[in-house]
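In case you want the letters, here they are:
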Amino acid sequence: VYPALVCCAAAALLWLARAACRLLPAGEATRQRAAALLVAGASIWPAGDHFRYAQGAMVNKGAAIDEMYAAFTAFRTQIIEPLGLQDAVIMSREVHEVNAISGMKGVMIPLEPEPVIREVAHRFGATHLLLVNNLIAGNPDGLSLRPSLLTIDTNPHFKLVAAPARPTNKGYRFKLYEIVD
């Protein structure tokens, strides 16, 4: 996609330079200088806008990483350590965060029906299932949005172990379930 956009932008700048040459006063050197200035200005302006956008995006991304780090650190210190589950294998959709920030072993929850999720958990030794809901993202009740886990609270194969009454750090809510069988 990007090479095609660059080619289109170059063709547009070339067309703009030719059109500007026709409108400028006579004299080949004057036309060439004016066209070069016009092309340079037309290419620097979007580049500057993109730089400002990228700079803001990096600041926002850094803030989001800090929020996520704080939330998963709170998960480790407020839920995992008090329950003595430091060596447990956790099944979660956020398996990378669980591993990198909490320092725990993790298994990805497959996008499959609930019996398959339990089968994968047993195969890889997962003893607990973690659901993480960001309440800010339009889920005020903190419910699982995965169809196979909508009824997890009433499912006899899962036992709710920990669910903080209030969201931790910036709206993250953790629900930790023990996989019973």
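Residues numbered from 1 in each chain as written. Predicted model: local features only at pLDDT ≥ 70, side-chain atom pairs only at ≥ 80, totals over all residues. Heavy atoms only, no water.

(A) Layout of the side chain of Arg118. Examined against the element boundaries, Arg118 turns out to sit in helix H4 (residues 114-124). A polar contact is formed between the side chain of Arg118 and the side chain of His157, at a distance of 3.4 Å. Leave out the neighbours within four places in its chain, and Arg118 touches His157, Phe158 and Asp181. (Helix = DSSP H or I, 4+ residues; strand = E, 2+ residues; numbered from the N terminus. Polar contact = N/O pair within 3.5 Å; in protein donor to acceptor, adjacent residues only side chain to side chain. Contact = heavy atoms within 4.5 Å.)

(B) Representation of the pattern of salt bridges. Applying the stated criterion across every chain, the model contains four salt bridges. Measuring nitrogen to oxygen at the nearest pair gives 2.4 Å for the salt bridge that ties Glu114 to Arg118. Remark: Arg118 and Glu114 occur in helix H4; sequence separation between them is four residues, near one turn of the helix. Accessibility classification places Glu114 together with Arg118 in one group, the buried group. The salt bridge involving Asp153 is made with Lys175; its shortest N-O contact spans 3.6 Å. Residue Asp153 is found in the loop between strand E3 (128-134) and strand E4 (158-162), and its partner Lys175 is found in strand E5 (residues 172-179); the two are separated by 22 residues along the sequence. Asp153 gets classed as partly exposed once you look at its relative accessible area, which sits at 45%. (Salt bridge = Lys/Arg side-chain N within 4 Å of Asp/Glu carboxyl O. Buried < 20%, exposed > 50% of the residue type's maximum accessible area, 1.4 Å probe, protein only.)

(C) Fine view of the nonpolar core. One finds Phe72, Phe75, Ile90, Leu130, Phe174 and Leu176 to be the most contacted residues of the largest nonpolar core, which totals 17 residues. Within the residue set of this core, elements represented by two or more residues are helix H2 (28-83), E3 and E5. The greatest single-element share of this core, amounting to five residues, is contributed by H2. Excluding residues that lie within four positions of it along the chain, Phe75 makes contacts with Ile80, Ser102, Met104, Leu130 and Phe174. By size, the runner-up hydrophobic cluster in this structure holds 15 residues, among which are Ile109, Leu129, Phe158 and Tyr177. (Core = buried A, V, L, I, M, F, W, Y, C linked by side-chain atoms within 4.5 Å.)

(D) Molecular detail of the pairing of strand E1 (residues 89-92). Side chains Val89 and Met91 project from E1 onto one buried face, and the interleaved Ile90 and Ser92 project onto a second face that is buried too. With four bridges connecting them, E1 and strand E2 (residues 105-108) associate as parallel partners. Paired with Ile90 across the bridge in E2 is Gly106. Following the backbone out of E1, through helix H3 (residues 95-100) and into the adjacent parallel E2, one traces a crossover that is right-handed. (Pairing = 2+ DSSP bridges. Right-handed = clockwise from strand over helix to strand, strands pointing away.)

Spatial relationships are all this shows, so hold off on functional conclusions.
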